[in-house]
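Inside the fold
Below are the chains, spelled out letter by letter.
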Amino acid sequence: QVQLVESGGGLVQTGGSLSLSCTASGSTFAGYSVAWFRQRSGEEREFVAALRWSGGNTWYRDSLKGRFSISKDKANGGILLRMNSLTSEDTGVYYCAAGRPISSTVATMGAYYYWGKGTQVTVPS
């Protein structure tokens, strides 16, 4: 059983940056793709970014390209999500997920087997 733990959320001012981390206990991310989803208040959970551990392929939500960056955390074998130029529109709960999606389903929640409990990101308006 893979348990995912997110960390790094918090309060950040408009225009600021934040890095979220996702680590796996009971396993490694080898063989998985790891994604970040977010859920803003009153909205459905949406895809943010994903990284395929083997090969390092990355995918991003179109509207977040250039501001968000997903990468491996070589220090602890986890996944990082670097978020820049944050606005109040980025406020929400950010979830880490792991699975084995094919490229066409990488943004689909149902393609992921394991989910973390989420970490809150708040950017005051």
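Our structure is the block above this text.
Residues numbered from 1 in each chain as written. Predicted model: local features only at pLDDT ≥ 70, side-chain atom pairs only at ≥ 80, totals over all residues. Heavy atoms only, no water.

On to the nonpolar core, then. Counting residues in hydrophobic clusters, the biggest one holds 27 residues, and the most contacted among them are Trp36, Ile79, Leu81, Met83 and Tyr94. Counting residues per element, the ones that place at least two in this core are β3 (18-25), β4 (33-39), β5 (46-52), β7 (68-73), β8 (78-83) and β9 (92-99). Excluding residues that lie within four positions of it along the chain, Leu81 makes contacts with Leu18, Ser19, Leu20, Trp36, Val48, Ala49, Phe68, Ser69, Ile70 and Tyr94. Of all hydrophobic cores here, the second largest spans 9 residues; its members include Phe37, Trp59, Val106 and Tyr112. (Core = buried A, V, L, I, M, F, W, Y, C linked by side-chain atoms within 4.5 Å. Buried < 20%, exposed > 50% of the residue type's maximum accessible area, 1.4 Å probe, protein only. Helix = DSSP H or I, 4+ residues; strand = E, 2+ residues; numbered from the N terminus. Contact = heavy atoms within 4.5 Å.)

For the rest of this paragraph, the subject is the sheet that holds strand β1 (residues 3-7). Across the sheet, which stays open at both edges, the 4 strands sit in the order β1-β3-β8-β7 with antiparallel pairing between neighbours. Of all the strands in the sheet, the pair left with one neighbour each is β1 and β7. The mean angle between the axes of side-by-side strands here comes to 20°, regardless of whether they run parallel or antiparallel. Here β1 runs beside β3; their pairing, made up of 5 bridges, is antiparallel. Bridging across to β3, Leu4 finds its partner in Ala24. (Pairing = 2+ DSSP bridges. Axes fitted to C-alpha atoms, helices over the stretch in contact; angles between N-to-C directions.)

Our focus in this paragraph is the side chain of Glu46. Secondary-structure assignment places Glu46 in strand β5. Of the polar contacts made by the side chain of Glu46, one reaches the side chain of Arg40; its length is 3.3 Å. Within the structure, Glu46 has its side chain in polar contact with the side chain of Arg61 (distance 3.3 Å). The contact partners of Glu46, leaving out residues within four places of it in the chain, are Trp36, Phe37, Arg38, Arg40 and Arg61. (Polar contact = N/O pair within 3.5 Å; in protein donor to acceptor, adjacent residues only side chain to side chain.)

What follows deals with the environment of Gly92. Along the polypeptide, Gly92 turns up in strand β9. A relative accessible area of 5% means that Gly92 is categorised as buried. Note: C-alpha distance between Gly92 and Gln39 (53 residues apart in sequence) is 5.4 Å. What Gly92 contacts, discounting residues up to four positions off in sequence, is Gln39, Arg40, Thr119, Gln120 and Val121.

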